[in-house]
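# Analysis of the macromolecular model
If you want the building blocks of each chain, they are given just below.
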Amino acid sequence: MSKFKIEHGASKFNMVQLKTNIEDTIAQDIDLMAAWSENDRKYIVNELLRFALTQEEEFLKYKASLTANTTRSASGAKGVPVSAKPASEPTAKPNVTASSTTAQA
């Protein structure tokens, strides 16, 4: 299993609002990780979700099949293949490791 990595002080990204409720113990762990890494809660949640999404193989296969279908449709219309950025590419080079079980209940 991969290690989850958080970069200290790297929470400057454009965000889209996602309204949801999470368990109190998970929220406490997110706050603790945010303080420890000197990042915003939003950044921590974003990185945790990104990590989780890249670990789920069935989802990645599904996403790849959708991307392949979209690419074929677009290339048929435009004549040029469209490439998509894989979800597993990190947005920044992390430098600190944390256990992936930190935010699990």
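Let us look at the structure shown here. (Residues numbered from 1 in each chain as written. Predicted model: local features only at pLDDT ≥ 70, side-chain atom pairs only at ≥ 80, totals over all residues. Heavy atoms only, no water.)

Attention now goes to the overall build of the protein chain. If you tally the helices and strands in the protein chain, you get 3 helices and 2 strands. The order of α-helices and β-strands along the protein chain, N terminus first, is β-α-α-α-β. The burial tally for the protein chain puts 21% of its 105 residues in the buried class. Within the protein chain, counting contacts between residues at least 6 apart in sequence, those at least 24 apart form 78% of the total. (Helix = DSSP H or I, 4+ residues; strand = E, 2+ residues; numbered from the N terminus. Buried < 20%, exposed > 50% of the residue type's maximum accessible area, 1.4 Å probe, protein only. Contact = heavy atoms within 4.5 Å.)

Turning our attention to the nonpolar core. Phe4, Ile26, Ile30, Met33, Ala34, Tyr43, Ile44, Leu48 and Phe51 form the largest nonpolar core, which has 9 residues in total. Counting residues per element, the ones that place at least two in this core are helix 1 (24-37) and helix 2 (41-55). (Core = buried A, V, L, I, M, F, W, Y, C linked by side-chain atoms within 4.5 Å.)

What follows is about a nonpolar patch on the surface. Taken together, the side chains of Leu53, Phe59, Tyr62 and Leu66 present a nonpolar region at the surface, about 370 Å² in accessible area. By residue number, the principal contributor to the nonpolar patch is helix 3 (residues 57-78), which donates 3 residues. In this fold, Leu66 is placed in helix 3. Owing to a relative accessible area of 40%, Leu66 belongs among the partly exposed residues under this scheme. (Patch = residues over 30% accessible without salt bridge, like charges linked within 9 Å, V, L, I, M, F, W, Y side chains within 5 Å. Areas by Shrake-Rupley, 256 points an atom, 1.4 Å probe, with all protein chains shown as cover. Salt bridge = Lys/Arg side-chain N within 4 Å of Asp/Glu carboxyl O.)

By the secondary structure assignment, Asn39 is in the loop between helix 1 and helix 2. A polar atom in the side chain of Asn39 sits 3.0 Å from the side chain of Ser37. (Polar contact = N/O pair within 3.5 Å; in protein donor to acceptor, adjacent residues only side chain to side chain.)

Quick look at the pattern of salt bridges now. Applying the stated criterion to the full structure yields 3 salt bridges. Residue Asp31 is joined to Arg41 by a salt bridge in which the shortest nitrogen-to-oxygen separation is 2.5 Å. Of this pair, Asp31 sits in helix 1 while Arg41 sits in helix 2; the two residues are 10 residues apart in sequence, bridging distant segments of the chain. Since its relative accessible area comes to 36%, Asp31 is described here as partly exposed. Assessed through its relative accessible area of 43%, Arg41 is described here as partly exposed.

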